[in-house]
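A structural walkthrough
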Amino acid sequence: MARGSGRLRVRAVSSWPLAVTALVATGCSAVPGFDSSTGNEFTEAAESLIEGDLAAQIGLGSLDASCGGEDPGPGDNFECSATPEGLTAIRFTATINAEGDTVGVVSTNLLLADQVQQVETFAASLIEEQTGTLIGAESFQCGDGSVIVADGEALDCTVTDPADGTVYAAPVTIDNLAELSITVNLGDPIG
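Residues numbered from 1 in each chain as written. Predicted model: local features only at pLDDT ≥ 70, side-chain atom pairs only at ≥ 80, totals over all residues. Heavy atoms only, no water.

1. Comments concerning the environment of alanine 163
Mapped onto the elements, alanine 163 comes out in the loop between β11 (158–160) and β12 (167–169). Measuring from C-alpha to C-alpha, the distance between alanine 163 and isoleucine 135 comes to 9.2 Å, with 28 residues separating the pair along the chain. (Helix = DSSP H or I, 4+ residues; strand = E, 2+ residues; numbered from the N terminus.)

2. Quick look at the sheet that holds strand β8 (residues 140–141)
In spatial order, the strands read β8-β11-β12; together these three strands make up an open sheet with antiparallel pairing. With one partner strand each, in any of the chains shown, β8 and β12 form the two edges of the open sheet. (Pairing = 2+ DSSP bridges.)

3. Some remarks on the side chain of threonine 173
Take threonine 173: it is sitting in strand β13 (residues 172–176). By relative accessible area, threonine 173 is classed as buried at 19%. Not counting chain neighbours up to four residues away, the residues in contact with threonine 173 comprise Gly152, Glu153, Ala154, Ser181, Ile182, Thr183 and Asn185. (Buried < 20%, exposed > 50% of the residue type's maximum accessible area, 1.4 Å probe, protein only. Contact = heavy atoms within 4.5 Å.)

4. Considerations on the state of the cysteines
Among covalent bonds in proteins, the disulfide is the one between the sulfur atoms of two cysteines. With the rule as written, the count across this model stands at two disulfides. Each sulfur of the disulfide joining cysteine 67 and cysteine 80 lies 2.0 Å from the other. Disulfide cysteine 67 to cysteine 80: torsion about the S-S bond roughly 105°, handedness right-handed. Note that cysteine 67 is positioned in strand β3 (residues 65–67) and cysteine 80 in strand β4 (residues 77–82), a separation of 13 residues in sequence. Judged on exposure class, the residue cysteine 67 and its partner cysteine 80 are both buried. A disulfide bridge connects cysteine 142 with cysteine 157, and the sulfur atoms are separated by 2.0 Å. Classification of the bridge connecting cysteine 142 and cysteine 157 rests on its S-S torsion, roughly 110°, and on that basis the disulfide is right-handed. Residue cysteine 142 is found in the loop between β8 and β9 (147–148), and its partner cysteine 157 is found in the loop between β10 (154–155) and β11; the two are separated by 15 residues along the sequence. Side by side, cysteine 142 and cysteine 157 carry an identical accessibility label, which is buried. For the protein, the bonded cysteines pair up as 1-2, 3-4 when numbered in the order they occur along the sequence. (Disulfide = S-S within 2.5 Å.)

5. Side note on the environment of leucine 155
Along the polypeptide, leucine 155 turns up in strand β10. Classification of leucine 155 by relative accessible area gives buried; the value is 4%. Through-space distance from the C-alpha of leucine 155 to that of proline 171 is 5.6 Å; in sequence the pair is 16 residues apart. Apart from residues lying up to four places away in sequence, leucine 155 is in contact with Leu111, Val119, Val147, Val149, Pro171, Val172 and Ile174.

6. Section: the pairing of β4
The two faces of β4 differ: Phe78, Cys80 and Ala82 on one face are buried, but Asn77, Glu79 and Ser81 on the other face are not. Sheet topology note: the β3/β4 ladder contains three bridges and is antiparallel. When the bridges of β4 are listed, serine 66 appears paired with serine 81. Where β4 lies against strand β5 (residues 90–96), six bridges are found, and the strand directions are antiparallel. The partner of serine 81 across the bridge, within β5, is arginine 91.

7. Digging into the environment of glutamate 85
Inspection of the secondary structure puts glutamate 85 in the loop between β4 and β5. For glutamate 85, a relative accessible area of 80% corresponds to the exposed category. Linking glutamate 85 and glycine 61, residues 24 residues apart in sequence, is a C-alpha distance of 7.3 Å.

And the structure:
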């Protein structure tokens, strides 16, 4: 990989509108159970959705969800969280539709495994664009699973120079998760 004496720092906003939607829309919707007498049916529906369908989709183990909000109703938003064992809490925003017949839940600090791959592809293309060296998404690695990450936080990634196999640190800072604005820093060779 052709490198000068300084470090390469690449910042860009994704031009992939579908990827942006995918990153923001990590969620599902559920129909609340109106026969519930133990609490608010909307928060219970969101908690059930997070602990069931979303936990399976996220793939970080079982989730014990907790939702707040003072008796939310149709048209309201409320916040939820769930913490996989040994990890940071995943935050969600739940939205009750105007008719009050569904609750949609969207994560606000999570990249699913396939979204991590999209970030890898985008980061590799940024390095290719800045250096003129063909990297390829397969040479850029940020992990194989879902990642809990918020704006301003970095993914620990590496990039392998296809010419000689040298592996470099290449942390990807998430400048804005909703817009998929990232900064890629190409660091020193690893070991």
